[in-house]
Amino acid sequence: MKSNTFKNLPWLFGIHFFISAFTFGGGYVVIPMIRRYFVEKKQLFSEEELLEMAAIAQSSPGAIAVNLSVLSGYRTLGRLGAAVSCIASVLPPLLLISMISIGYDAFSSSRVVSAILKGMEAGVAALIVDMTIDMCRTIFRERRLILTLLVPATFLASSVFHINVCLLIPGSALLCLAECKIREQVRRRVS
Amino acid sequence: MTGRLLSLLYSFLQIGFFSIGGGYATIPLIRQQVIDLHAWLTLQEFTDIITISQMTPGPLAVNTSTFVGMRIAGLGGAVAATFGCIISGYLISLFLYRFFKKHRQTSWIQPVLSGLKSASVGLIASCALTIASLAFQSDTKTLGLPLNLTAVGLFSLSFFALRKWKIHPILLMALCGLAGIFLY
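Since we're looking at a predicted model, the values are computed, not measured. (Residues numbered from 1 in each chain as written. Chains lettered and ligands numbered in written order. Predicted model: local features only at pLDDT ≥ 70, side-chain atom pairs only at ≥ 80, totals over all residues. Heavy atoms only, no water.)

Undergrad: Tell me about the UniProt feature "transmembrane region" (unreviewed entry) in chain B, and name the residues and values.
TA: Mapped onto this structure's residue numbering, the UniProt feature "transmembrane region" (unreviewed entry) falls at residues 7-27, 72-97, 118-137, 143-162 and 167-183 of chain B. In residues 118-137 of chain B, the share of helix is 95% and the share of strand is 5%. The end C-alpha atoms are 29 Å apart. (UniProt positions renumbered as here; feature names shortened; annotations may be inferred. Helix = DSSP H or I, 4+ residues; strand = E, 2+ residues; numbered from the N terminus.)

Undergrad: Can you tell me about unusual backbone geometry, naming the residues and giving the values?
TA: Phi is positive for Q43 of chain A, which is not a glycine, with a value near 50°. Phi is positive for A39 of chain B, which is not a glycine, with a value near 50°. Structurally, the position occupied by A39 of chain B is in the loop between α2 (27-37) and α3 (43-55). A relative accessible area of 59% means that A39 of chain B is categorised as exposed. (Buried < 20%, exposed > 50% of the residue type's maximum accessible area, 1.4 Å probe, protein only.)

Undergrad: With reference to specific residues and values, describe the environment of T56 of chain B.
TA: Within the secondary structure, T56 of chain B is located in the loop between α3 and α4 (60-102). Among residues more than four places away in sequence, those in contact with T56 of chain B are F24, L96, I97, I100 and F107 of chain A together with N63 of chain B. (Contact = heavy atoms within 4.5 Å.)

Undergrad: With reference to specific residues and values, describe helix α8 (residues 165-190) of chain A.
TA: An ideal rise of 1.5 Å per residue puts 38 Å on 26 residues; α8 of chain A measures up with 38 Å between its terminal C-alpha atoms. Where α8 of chain A is buried, its residues contact α3 (47-59) and α7 (145-159) of chain A together with α5 (109-136) of chain B. (Expected span 1.5 Å × (residues − 1).)

Undergrad: How would you explain the pattern of salt bridges if you had to name every residue and give the values?
TA: In this structure the tally under the stated criterion is 14 salt bridges over all chains. The closest approach of N and O atoms between D134 of chain A and R35 of chain A, which form a salt bridge, is 3.2 Å. One end of the pair, D134 of chain A, is in helix α6 (residues 111-141); the other, R35 of chain A, is in helix α2 (residues 30-41), with 99 residues separating them in the sequence. R35 of chain A carries the same exposure label as D134 of chain A, and that label is buried. The partner of E52 of chain A in a salt bridge is K101 of chain B, and the shortest N-O contact between them spans 3.8 Å. Placement of the pair is E52 of chain A in helix α3 and K101 of chain B in helix α4, with the two residues belonging to separate chains. (Salt bridge = Lys/Arg side-chain N within 4 Å of Asp/Glu carboxyl O.)

Here it is in structure tokens:
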């Protein structure tokens, strides 16, 4: 276990540093990156567990990308792994923004920079849509009506009705809890 | 100096603690602390930092804390503000994760976790819609719609490459950036 830790700790640091340095477009893009390395390549945890971590990272305060890297680090190598992953994922933006804050004007007025970013925007959109499809499948596979319906419901509530996330997250949890309790009651009455 | 570092730390501690859902949900919160309360940045500078955030990797809250910290107290300020910004998420997400793992057998944990998962996927889908519509937006009209056909084409190609060949996300981003140079 100990030698394993020493071998994996630098890997954990490197991979989170790498993911963080190349993740344009916000927190959610980290999820397919983590999936690629932790689930598909190294098989450190399952797709199901990744979904669980993503849900917790999202339900906690703070940046989703940082929270998710902390959780994946914790799942891989415990507390030390969590701390190392956190530092690794914060360092790239910290260093980069520190430099940009010094030379901001040159950066923001560059036409090449804005063309690259415009191109990446389309890539980010494709990446997130692709990931959403896979995540929906994981949920639908459970074949539970309430879980299946909650996905389009929260989507509409957030996109169309602009309901605050702080209400949506606990609301969905409570709804599932209530549904579970009702089913228990019904089962008890039948038997 | 120490006083400035402490007030940076305290401000960003509040921002970090109250920002659930991440990303653009944090903007009003940061604005209130950084512009209204402390006048650390002007509104124009704050708009600039949002633009930088879109152009660079890293979460908006972390980018803003670094930017503001650098402006107010140099690198030490950047570290203090960033630390304040992420520590709540670090502790609370770890606590929740361990709590859910430990009480997996308890009857009410599973439905709560399932609810969180479904909501999370729904919210990701809504974020996908926001990003896609931002990417497809154009100032000029094609077929009566403000649609950027180049972006739609690049999106379709990327999507196909992801579904069909499972192309590496970072390779995809690099290719899209390269395509951007030639197309725009």
